[in-house]
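# Commentary on secondary and tertiary structure
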Amino acid sequence: MLFYYIRHGEPIYSPDQLTPHGEKQAEALSERLIKTGLDKIYASTSTRAIQTSMPTCRKLGMEPELLDFANEHHAWMDFSVPKADGSGDHWAFHDDKYIDLFTSPEIRALGDRWYDHPAFENTNFKKGLERVYDAADGFFASLGYVHDRYTGRYKCVEPNDKRVALFAHQGFGLLFLSCLLDIPYPQISTRFDMCHTGITLIQFRTYTNPEYCIPRVLSLSDSAHLMEKDIPSDYVRY
């Protein structure tokens with residue numbers, strides 16, 4: 001199975017929708033995805049994710065199946081923290097205090113149990129991570145791959161060559177990839193990013209033992225479709 005994780009296009013967060021530039025990004029993305037085709041399309045229940053999926057859905061004659069667990073609102077409630085200047089909240093991975101904690105030797109030493117550190121006892125990090133883990137495991141089980149958290153492998157209950165896409169978000173996506181790839185969230189969230197309509201492509205492939213596979217990242221936040229159309233991305237301007 002090839003799994004495409006795709007961040008939505010450039011948004012307006014309130015009201016929740018794509019900007020005209022985001023719509024151009026989604027259109028360019030669709031032209032790329034229809035070249036290889038998709039067997040199944042999923043989207044977060046947020047408007048910006050659904051709108052990003054629609055050009056691809058229309059061209060392939062498909063409808064997205066909506067997944068509320070992928071809506072970024074839930075991740076925001078568990079992983080946002082107050083800004084130091086009191087001007088509101090932002091993601092923990094944007095906060096200097098939490099970046100220092102996430103990259104500290106004592107947090108790294110805790111590995112998968114990083115959230116048990118006393119510095120996080122008044123946060124929702126553990127609850128939020130477990131929620132995403134359970135939902136992600138159920139999602140991939142429905143696609144034929146059952147997660148063995150102890151080994152970090154997936155049992156191939158129904159191995160397949162399908163191409164499956166999930167249109168969702170950055171903040172949720174970092175949590176989702178942490179669970180999918182069995183990489184502790186502090187490492188994922190401080191070292192990886194996702195641009196608007198960037199494609200993270202993950203292959204579920206068996207090797208010497210055909211009963212199990214280990215997901216492999218083939219590309220991370222690939223925005224070649226924007227460059228091809230001379231459409232500015234988050235990091236490249238023309």
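Refer to the structure above for everything that follows.
Rules behind the numbers
- Residues numbered from 1 in each chain as written.
- Predicted model: local features only at pLDDT ≥ 70, side-chain atom pairs only at ≥ 80, totals over all residues.
- Heavy atoms only, no water.
- Helix = DSSP H or I, 4+ residues; strand = E, 2+ residues; numbered from the N terminus.
- Rg over C-alpha atoms; globule rule 2.2 N^0.38 Å.
- Buried < 20%, exposed > 50% of the residue type's maximum accessible area, 1.4 Å probe, protein only.
- Contact = heavy atoms within 4.5 Å.
- Expected span 1.5 Å × (residues − 1).
- Polar contact = N/O pair within 3.5 Å; in protein donor to acceptor, adjacent residues only side chain to side chain.
- Pairing = 2+ DSSP bridges.
- Core = buried A, V, L, I, M, F, W, Y, C linked by side-chain atoms within 4.5 Å.
- Axes fitted to C-alpha atoms, helices over the stretch in contact; angles between N-to-C directions.
- Parallel < 35°, antiparallel > 145°, perpendicular 65-115°, else oblique.
- Left-handed = near helix turned anticlockwise from the far one by under 90°.
- Nonpolar A, V, L, I, M, F, W, Y, C, P; charged D, E, K, R; others polar.

## Notes on the overall build of the chain
Scanning the chain from terminus to terminus reveals 9 helices and 13 strands. In terms of C-alpha radius of gyration, the chain reaches 18 Å, essentially the compact-globule figure of 18 Å for 238 residues. Projecting the C-alpha coordinates of the chain onto the three principal axes gives extents of approximately 50 × 50 × 30 Å. A buried classification covers 51% of the 238 residues belonging to the chain. Sequence-distant contacts in the chain: of pairs separated by 6 or more residues, those separated by 24 or more amount to 63%.

## A short note on the environment of Glu 158
Take Glu 158: it is sitting in the loop between strand S9 (153–156) and strand S10 (163–168). For Glu 158 and Glu 211, which are 53 residues apart along the polypeptide, the C-alpha to C-alpha distance reads 9.7 Å. Those residues in contact with Glu 158, other than ones at most four positions away along the chain, are Leu 143, Gly 144 and Tyr 145.

## Structural notes on the side chain of Asp 137
By the element assignment, Asp 137 lies in helix H6 (residues 125–142). With relative accessibility at 13%, the residue Asp 137 sits in the buried group. Once you skip the residues sitting within four places of it in the chain, Asp 137 turns out to touch His 147 and Arg 149.

## Quick look at helix H7 (residues 170–181)
In a regular helix each residue adds 1.5 Å, so 12 residues correspond to 16 Å; H7 covers 16 Å between its end C-alpha atoms and thus fits that length. Most of H7 sits out of view: 12 of its 12 residues are buried. Note on H7: the residue one or two positions beyond its end, Asp 182, has a positive phi of about 60 degrees.

## A look at the side chain of Ser 80
The topology assignment puts Ser 80 in strand S6 (residues 80–82). At a separation of 2.6 Å, a polar atom in the side chain of Ser 80 contacts the main-chain carbonyl oxygen of Trp 76. Beyond its immediate stretch of four places on either side in the chain, Ser 80 contacts Ala 75, Asp 89, His 90, Trp 91 and Ala 92.

## Quick notes on the pairing of S9
Burial along S9 is one-sided: the face carrying Tyr 154 and Cys 156 is buried and the face carrying Arg 153 and Lys 155 is not. Linking strand S8 (residues 145–148) back to S9 in an antiparallel pair, the connection comprises 4 residues, with Gly 152 at a positive phi of about 80 degrees. Both S9 and strand S12 (residues 212–213) contribute to a ladder of 2 bridges, which runs antiparallel. Residue pairing in the sheet places Lys 155 in a bridge with Tyr 212 of S12.

## Some details on the nonpolar core
Counting 49 residues, the largest nonpolar core has Phe 3, Trp 114, Phe 140, Phe 176 and Phe 204 as the members making the most contacts within it. Those elements giving two or more residues to this core turn out to be strand S1 (2–7), helix H3 (72–79), helix H4 (96–102), H6, S9, S10, H7 and helix H8 (185–191). In this view, Phe 140 contacts Met 1, Phe 3, Tyr 145, Tyr 154, Phe 176, Leu 180 and Phe 204; residues no more than four positions away in its chain are not counted. By size, the runner-up hydrophobic cluster in this structure holds 14 residues, among which are Leu 2, Ile 6, Phe 167 and Ile 199.

## Remarks on the packing of helix H1 (residues 20–36) against helix H2 (residues 47–60)
Any two packed helices are characterised by how steeply their axes cross, that is the angle between the axes, and by the distance between the axes. Contact geometry for H1 and H2: axes closest at 8 Å, N-to-C directions at 40 degrees. One finds that H1 runs oblique with respect to H2. For H1 against H2, the interelement crossing comes out right-handed. Here Ala 26, Glu 27, Leu 29, Ser 30, Glu 31, Leu 33 and Ile 34 of H1 lie close against H2, whose contacting residues are Gln 51, Thr 52, Pro 55, Thr 56, Lys 59 and Leu 60. A class-by-class count of the residues in the contact of H1 with H2 yields 6 nonpolar, 4 polar and 3 charged.

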